[in-house]
Amino acid sequence: MTTSPLDALLAAPSPAACATLLEGLTPAQRRQLGPEALKRDKALRDEHWSDSREEQALRRERSRVLAMLCFFTVPPSDWTPRLLGALPEEAADLAAKLRPDWLEDAAERLVALAPSYFWVARMLMRKGVSRRPTHDNYTTGMLFLDTRFHPNPFDTDPRLLEHEAWRLFEVEGSGELSLAAKDKYTFEDKTWASVFLRHMRQGTLERGRLLDATLGALERDFAAFRAGWFSRFHEALEPTPEELARHRDRYLRLLGSSIPATVSLALDVVTALEAREPLPVDSALPALEPVLLARHKGTAQQAVKLLKALGERESGASRERITGALASGLAHEAVDVQKAVLKALESLAKTPDAALRTAVEERVDGVAASLKKHVQAWLGESTRPMASEPPRTADKKKPSGEPRAPASPTDARFAVTPIASLDELLSALSTCIEDAGNPMEVERVLDGVARLGRQRPDDFARRTSALAKRARKLSAKTYGESLAVRLAGLALAWLASPGEAHSTLREVPEPALTPGHEVFLPLLSERISDLARALDAGREEGLLSMPTHEGGWLAPETLVARLLARAPEAEEPPLSDLCLALCRLAPVRDSKALESLKQSSRSRSDAFKLVAWALGLGKSAPDTVDVSVSVARRHRGETPESEHTFTIKARRSGKFTFHDLFISTSPKPIAPGKLKRQDIPGLMLIKENGGGGKPYPRWAATLWPSGLEAFFASHAEELAMNIDWSEANWSNVVAYEQLLHPWLRLGSMARLVLAMGLATKEPGEHGVSVDAAISALATGRLTAEELGEMLRELRPTGLINLKRLSMTLARVASASEEHAAQVALAIQRALRKTSEDTAPRDEGTLVKLLLELLAQTEGRLTDAEAWDYLQGTSHRKTFEALAPTASSAAPPPPPAARRTTPRRASRRPRPAAR
């Protein structure tokens, strides 16, 4: 048995012992030791971690020694961060003694691996054996040290102030290794900013160079978060007027930065410089003009004010150039900026010349509707419409009081075509096990296996080999997407030998269920098991529950035809299939289509009798007591509809306030533990916990298409928790997608979900909600009054962000003139008085949008209650000219709708006796 010198070293590991070993070896012997050092390092990483503190300390010391060994015995091209992760600083001392031929670039190679090697690289450089690294990691590596608990590197190694300190102004950094990130959670006296200022006061850092370096960092347009550190440091430097004037041209260039905070800083400086000494127009005007379109309206308004000041002291061609530049500010999206630009133009040019007139007319399409008449009056065109504005017609559309009927769910344009061939089934199933995002494709696959599963052409094994291989791989992933994993199990059952479908399916591991999936996935598993048993029995009747139309709807006449097509001796359909078929039944459009059901004289099955009774053709309910009877009773309208209400409660947690949504259902739902998996209406009321992606909730929404109110109620609380996007929950958008159905008349829960969707932070969610609102208002599935009433209930609760809501409502209003009028009406309904004493935050954005829409539609307030509310706010003067008139106010409710409470009735005086 041979012994290795590493045995003794690892038995009593220390950097000193490692140095002694390596010093006694020749360069060739050190290279020969490299493979063994790699093996020992891998073996150490594979060892199980011990709970003993002594064992843990020994392991850490061995890691340091092995990293030092690998540093000197393994070629630099094979270095990895994991291999040298514990490299000690003592390696630099040994390197100065051994001086291998690759040492000159060693520091550069180390920091290129990771910034954490900064100190080893620094020691190699100070020993004179390696050149100074140029990699950015060498600079950010200084920040790797936590200065909250350790002295700042500038204090332990003052020579860093000569070169490395200035590189921190040139390297942006990333993640946690940036000046902004390190100072964010550090006490003021420990921050890097305070250290820079301290050394500046001590004279070890030059003040002029610090200001120059700070401006250089701002000119590099780092990301907003990291650039913010340099803006704050600039303020901490407190530049003198002379220093600001010295760098005037640089501040003007910073006005073109893409970082709003940098532009704001530069604009403040330029404003101060202008107040002290007039700026030259030739350099100031090109720099200020882009700021007129700054995203923050306060910055844009400040630029307007500064340009106006420049224009007031200039004349002739210079003033014309300034007014021409100001005209570009009319393209800003904020009305307040446009208003400031217009006032500045009126002040500088009482009568616009031809060039200014052209510049204004080019941008008039983007001018807010409330300002267009003002622009026309200034241009002297108050008596005729502007060239770019189309003439308004007298028959402009107004919001209709009578909603149009939504589309029929069984319209031919929504039809779903069943799978017709084996090749089509193979293609559809191969697609679904990879992406089950289309629920109708999932149902087509299930039905296709039920009808075509017995087909076995001669080349069946060859044609299905790729599908079988992929299905085996996916079914082994219990953490995979739930629908796709179960469909992979169905594929294996179908492709199994005849008679072995169900036994093959039972061998497929059952994926773990998340709380959100525990509701309906057991039903899908039961349906797949039923299909496997049907394959073993040689049955090919197809599924009764296969939807005939998008959204999961099943035409009643098609269900009747499927029942009549079943052989008289056929077994009763599985309970899961029958219940799902009853849940998916669409309203009967033509009673003649059910004549075949009335005239059938053959022996009828229990399922046949149940469907006939559900469709209103049977006189009495079947004798069987089953969940299918309760589902059929619900379709007949004998089960009262559930009523859903919501409440919102504020909850304090430290300095934060959270608003929690609670949904109540009456009658109270049955406890989940007492529900059967076929009771889809009862299961739909279980509050989902989310997770698991989009395919599952999309498919679940098609199980009871007439019960989408229950679907929305079960998801509303979860959606409310994510309005401000506290964490990524990508499946939430599926709930908002259901609002797009052209046949869906929006009930109270659908309106609640729509209102929350319009106020969500995540672009995908509010984008879908905007599309849903546009479609619902256009087709009459939602009225402006209904939308406004829901917004009125939510407005004072704090649940929704009114600023985001205003932005999305503006997008809805931009769809058409009719949409603009409807949104204006909805906002009026929302701005009625509530029980709250104070106005909600950002309510002014809703008011401004209403003002713009009324100007765009040339309308006025029609809601007297909204006017009553606005009179008590700071917006009263703005809306006085738009107050309701006798002709514009909404008509009073009919006498029959007026109710008198018993208490008020008792207070009324009795009529005098005649």
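My aim in this report is to walk through the structure given alongside it, one point at a time. On a predicted model such as this, the values are computed, not experimentally measured, just so you know.

## Focus: the pairing of strand β2 (residues 656-666)
And step 1. Bridge count between strand β1 (residues 643-653) and β2: eleven bridges; the pairing is antiparallel. Bridged to Arg 652 within β2 is Thr 657.
And step 2. As consecutive antiparallel partners, β1 and β2 are separated by two residues, and within that stretch Gly 654 has a phi angle of approximately 65 degrees, a positive value.

## Side note on the packing of aromatic side chains
And step 1. Counted under the stated rule, the structure contains 24 aromatic pairs.
And step 2. Seen from their ring centres, Phe 169 and Phe 233 are 6.1 Å apart, and the 55 degrees between their planes marks the pair as tilted. One end of the pair, Phe 169, is in the loop between α10 (164-167) and α11 (179-184); the other, Phe 233, is in helix α14 (residues 224-237), and 64 residues separate them in sequence.
And step 3. On the accessibility criterion, Phe 169 (1% relative accessible area) is buried.
And step 4. Since its relative accessible area comes to 2%, Phe 233 is described here as buried.
And step 5. Put simply, the rings of Phe 154, Trp 166, Phe 169, Trp 192, Phe 196, Phe 222, Trp 229, Phe 230 and Phe 233 touch in pairs and so form one group of aromatic residues.
And step 6. Cation over ring: Lys 649 sits above Phe 662, and NZ or CZ is 5.4 Å from the ring centre.

## Digging into unusual backbone geometry
And step 1. Ser 666 connects to Pro 667 through a cis peptide bond whose omega is -5 degrees.
And step 2. With respect to the helices and strands, the residue Pro 667 is situated in the loop between β2 and α35 (680-683).
And step 3. The phi angle at Asp 221 is positive, at roughly 55 degrees, despite the residue not being glycine.
And step 4. With respect to the secondary-structure elements, Asp 221 resides in the loop between α13 (207-219) and α14.
And step 5. When its relative accessible area of 33% is taken as the criterion, Asp 221 is described as partly exposed.
And step 6. Despite not being glycine, Glu 858 has its phi angle at roughly 55 degrees, a positive value.
And step 7. Tracing the backbone shows Glu 858 in the loop between α44 (843-857) and α45 (864-870).

## So, empty space enclosed by the protein
And step 1. Scanning the model with the defined rule gives two cavities of 30 Å³ or more in all.
And step 2. Quantified by volume, the second largest cavity comes out at close to 70 Å³.
And step 3. Lining the second largest cavity, in full, are Thr 140, Leu 143, Leu 168, Val 171, Glu 172, Leu 177, Ser 178, Leu 179, Ala 180, Arg 226 and Phe 230.
And step 4. For the lining of the second largest cavity, the elements supplying multiple residues, two or more each, are α11 and α14.
And step 5. Across the lining of the second largest cavity, the residue classes tally to seven nonpolar, two polar and two charged.

## Things to note about the nonpolar core
And step 1. Counting 149 residues, the largest nonpolar core has Trp 494, Phe 520, Leu 752 and Met 756 as the members making the most contacts within it.
And step 2. Sort the elements by how many residues they give to this core and helix α27 (residues 482-495) lands first, with nine residues.
And step 3. Residues contacting Phe 520, with those up to four places away along its chain left out, are Ile 680, Leu 683, Met 684, Tyr 696, Trp 699, Ala 700 and Leu 703.

## Focus on the state of the cysteines
And step 1. Applying the stated criterion across every chain, the model contains zero disulfides.
And step 2. Cys 18 takes part in no disulfide bond, and the closest cysteine sulfur to it belongs to Cys 70, at a distance of 9.4 Å.
And step 3. Cys 583 takes part in no disulfide bond, and the closest cysteine sulfur, belonging to Cys 579, lies 6.9 Å away.

## With respect to the side chain of Arg 751
And step 1. Summarising the element assignment, Arg 751 is placed in helix α39 (residues 748-758).
And step 2. For Arg 751, a relative accessible area of 18% gives the class buried.
And step 3. A polar contact of 2.9 Å, which involves the side chain of Arg 751, links it to the backbone oxygen of Leu 746.
And step 4. Beyond its immediate chain neighbours, meaning those up to four positions away, Arg 751 contacts Leu 746, Leu 782, Glu 786 and Met 790.

## Some thoughts on the packing of helix α17 (residues 260-276) against helix α19 (residues 297-313)
And step 1. Here α17 crosses α19 at 25 degrees, and the two axes come no closer than 11 Å. One element, α17, and the other, α19, form an angle in the roughly parallel class. Here α17 and α19 pass one another in a crossing that is left-handed. Judged by residue contacts, Val 263, Ser 264, Leu 267, Asp 268, Val 270, Thr 271 and Glu 274 of α17 engage Thr 299, Gln 302, Ala 303, Leu 306, Leu 310 and Arg 313 from α19.
And step 2. Grouping the amino acids of the contact of α17 with α19 by side-chain chemistry returns six nonpolar, four polar and three charged.

Cut-off values and rules
- Residues numbered from 1 in each chain as written.
- Predicted model: local features only at pLDDT ≥ 70, side-chain atom pairs only at ≥ 80, totals over all residues.
- Heavy atoms only, no water.
- Pairing = 2+ DSSP bridges.
- Helix = DSSP H or I, 4+ residues; strand = E, 2+ residues; numbered from the N terminus.
- Phe/Tyr/Trp six-rings, centres within 6.5 Å; stacked < 30°, edge-to-face > 60°.
- Buried < 20%, exposed > 50% of the residue type's maximum accessible area, 1.4 Å probe, protein only.
- Lys NZ or Arg CZ within 6 Å of the ring centre and 35° of its normal.
- 1 Å grid on protein atoms, 1.4 Å probe; cavity = no way out; pocket = protein on both sides within 12 Å on 5 of 7 lines; lining within 4 Å.
- Points joined across faces, edges and corners; volume = space filled by probe spheres on them.
- Nonpolar A, V, L, I, M, F, W, Y, C, P; charged D, E, K, R; others polar.
- Core = buried A, V, L, I, M, F, W, Y, C linked by side-chain atoms within 4.5 Å.
- Contact = heavy atoms within 4.5 Å.
- Disulfide = S-S within 2.5 Å.
- Polar contact = N/O pair within 3.5 Å; in protein donor to acceptor, adjacent residues only side chain to side chain.
- Axes fitted to C-alpha atoms, helices over the stretch in contact; angles between N-to-C directions.
- Parallel < 35°, antiparallel > 145°, perpendicular 65-115°, else oblique.
- Left-handed = near helix turned anticlockwise from the far one by under 90°.

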